[in-house]
Amino acid sequence: TSVAVYSEADRDAPHARLADDRCYIGASEARHSYLAIDRIVEAALQSGAEAIHPGYGLLSENAAFVEAVNDAGLVFIGPSAAVIARMGDKISARRSAAENGVPVLDGTATFANSTEAQAAARELGFPLIVKAAFGGGGRGIRVVRDESELSEALASASREAKSAFGHGAVYLERYLERSRHVEIQILGDRHGSTVHLGDRDCSVQRRHQKIVEEAPAPGLPDELRDAMRTAAVRLASGVGYDGAGTVEFLVPAGAEGFYFLEMNTRLQVEHGVTDLCTSIDIVAQQISLAACAPLPVTRPDKSPRRPTLPPRPPPTCTAAWSRRPL
């Protein structure tokens, strides 16, 4: 049985109509609803829910939210608070990637002030990219090609990150021109097993928002593809990851090597592409893994490109939609 939470703006949204039950949690502005941890936990308790799925964004990578869910005696459908804190923080994630033998681009930590940022930018060199230290989805990102653009880029990226994720910290990273963006979908259980579900190319973007997803990523040398998949599994295993997640890489023009970009410690909107390519329902797997079920696949480094996980059951969309017609 599903219970949807919704804000004033989403009273008539499809997810609120299609759920078995629904709870109003506040005004349209996210900080009064979808970012209000206490309201979401209260809604879960009042509805009799046993677990909370955090969705795609907002609090889905917020360690404090995970702790609040657990403290209320509920199950968080996703990784632990400790892993989210480690990998949801892009600075810590870069450090973890390096520790697990995954290549990373030159970059910085966060800054105390703009003077520190300008000094670090000069040392790093241009072009560079200003990135939100928390969150994802292309928010809080600005490309800077010379020093005159830096101050405004820092301020605007920080504002956007604060609005979207509740945290305005940013950092700098070397910017690769004309690089490809390839992501590896992974699943990990609470028994030490990790698998990948192949890769997706999401290089076609507008303002750092993904427009086209293609799986598997076209035109990659097999050796490079296998190396990225292996690196993703190694990183996820190394940090004790459980649940669904995505390890993202940049591939320079010419496909010579790859660099760690970030790890999304959550379900991504684009997971449906992998669902269709593998016949695996990733959300169903998330729920199963949160219930401490083991993955039925071992030796992830040897897993086929079409993983041998159980296929998802036949779709029941017709019944669901006819129950609450739009």
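Residues numbered from 1 in each chain as written. Predicted model: local features only at pLDDT ≥ 70, side-chain atom pairs only at ≥ 80, totals over all residues. Heavy atoms only, no water.

1. Brief notes about the packing of aromatic side chains
In this structure the tally under the stated criterion is three aromatic pairs. For the cation-ring pair, R11 lies above Y24, with the distance from its terminal atom to the ring centre recorded as 4.7 Å. Over the face of the ring belonging to Y259 we find R174, whose NZ or CZ atom lies 6.0 Å from the ring centre. (Phe/Tyr/Trp six-rings, centres within 6.5 Å; stacked < 30°, edge-to-face > 60°. Lys NZ or Arg CZ within 6 Å of the ring centre and 35° of its normal.)

2. Regarding the pairing of strand β5 (residues 128-132)
A regular strand places its side chains so that they alternate between the two faces of the sheet. The buried fraction of β5 amounts to five of the five residues, a majority that puts the element mostly inside the structure. Alignment of β5 against strand β6 (residues 141-144), held across four bridges, turns out to be antiparallel. Paired with I129 across the strands is V143, a residue of β6. Note: β5 against strand β7 (residues 170-174), five bridges, orientation antiparallel. In the strand pairing of β7, A132 is matched with V170. (Buried < 20%, exposed > 50% of the residue type's maximum accessible area, 1.4 Å probe, protein only. Helix = DSSP H or I, 4+ residues; strand = E, 2+ residues; numbered from the N terminus. Pairing = 2+ DSSP bridges.)

3. Concerning helix α6 (residues 114-124)
For an α-helix, 3.6 residues make a turn, and residues three or four places apart therefore share a direction. Residues of α6 that are buried: A117, A120 and A121. In an axial view of α6, the angular spread of the buried residues amounts to 105°, which keeps them on one side of the axis. With respect to the buried face of α6, the exposed residues turned more than 90 degrees away are T115 and E123. Buried residues in α6 make contact with β5, α7 (150-165) and β7. Of the residues flanking the end of α6, it is G125, one or two places downstream, whose phi is positive at about 95°. (Arc of directions from axis to C-beta. Contact = heavy atoms within 4.5 Å.)

4. Notes on helix α5 (residues 90-99)
α5 sits mainly inside the fold: seven of its 10 residues count as buried. Within the span of α5, buried status applies to K90, I91, S92, A93, R94, S96 and A97. Lining the buried residues of α5 we find α4 (81-88), β5, β7, α8 (222-238) and β13 (259-264). Looking at where α5 begins, the residue whose side-chain oxygen comes 2.9 Å from the main-chain nitrogen of I91 is D89. Positive backbone phi, at 75°, marks G101, one or two positions downstream of α5. (Polar contact = N/O pair within 3.5 Å; in protein donor to acceptor, adjacent residues only side chain to side chain.)

5. With respect to the pattern of salt bridges
Should their charged atoms come close, side chains of opposite charge can pair. In total, this model carries 22 salt bridges according to the counting rule given. With a shortest N-O distance of 3.3 Å, E99 and R86 are connected by a salt bridge. Here E99 is found in helix α5, whereas its partner R86 is found in helix α4, with 13 residues between them in sequence. Of the residues examined, E99 reaches a relative accessible area of 55% and is grouped as exposed. (Salt bridge = Lys/Arg side-chain N within 4 Å of Asp/Glu carboxyl O.)

6. What to know about the packing of helix α2 (residues 37-47) against helix α3 (residues 63-71)
Relative orientation of the contacting elements α2 and α3 amounts to 30°, with a least axis distance of 10 Å. Taken as axis vectors, α2 and α3 run roughly parallel relative to one another. By crossing handedness, the relation of α2 to α3 is classed as right-handed. Residues I37, I40 and V41 of α2 form the contact with α3, whose participating residues are A64, F65, A68 and V69. Along the lines of polarity and charge, the residues of the contact of α2 with α3 split into seven nonpolar, no polar and no charged. (Axes fitted to C-alpha atoms, helices over the stretch in contact; angles between N-to-C directions. Parallel < 35°, antiparallel > 145°, perpendicular 65-115°, else oblique. Left-handed = near helix turned anticlockwise from the far one by under 90°. Nonpolar A, V, L, I, M, F, W, Y, C, P; charged D, E, K, R; others polar.)

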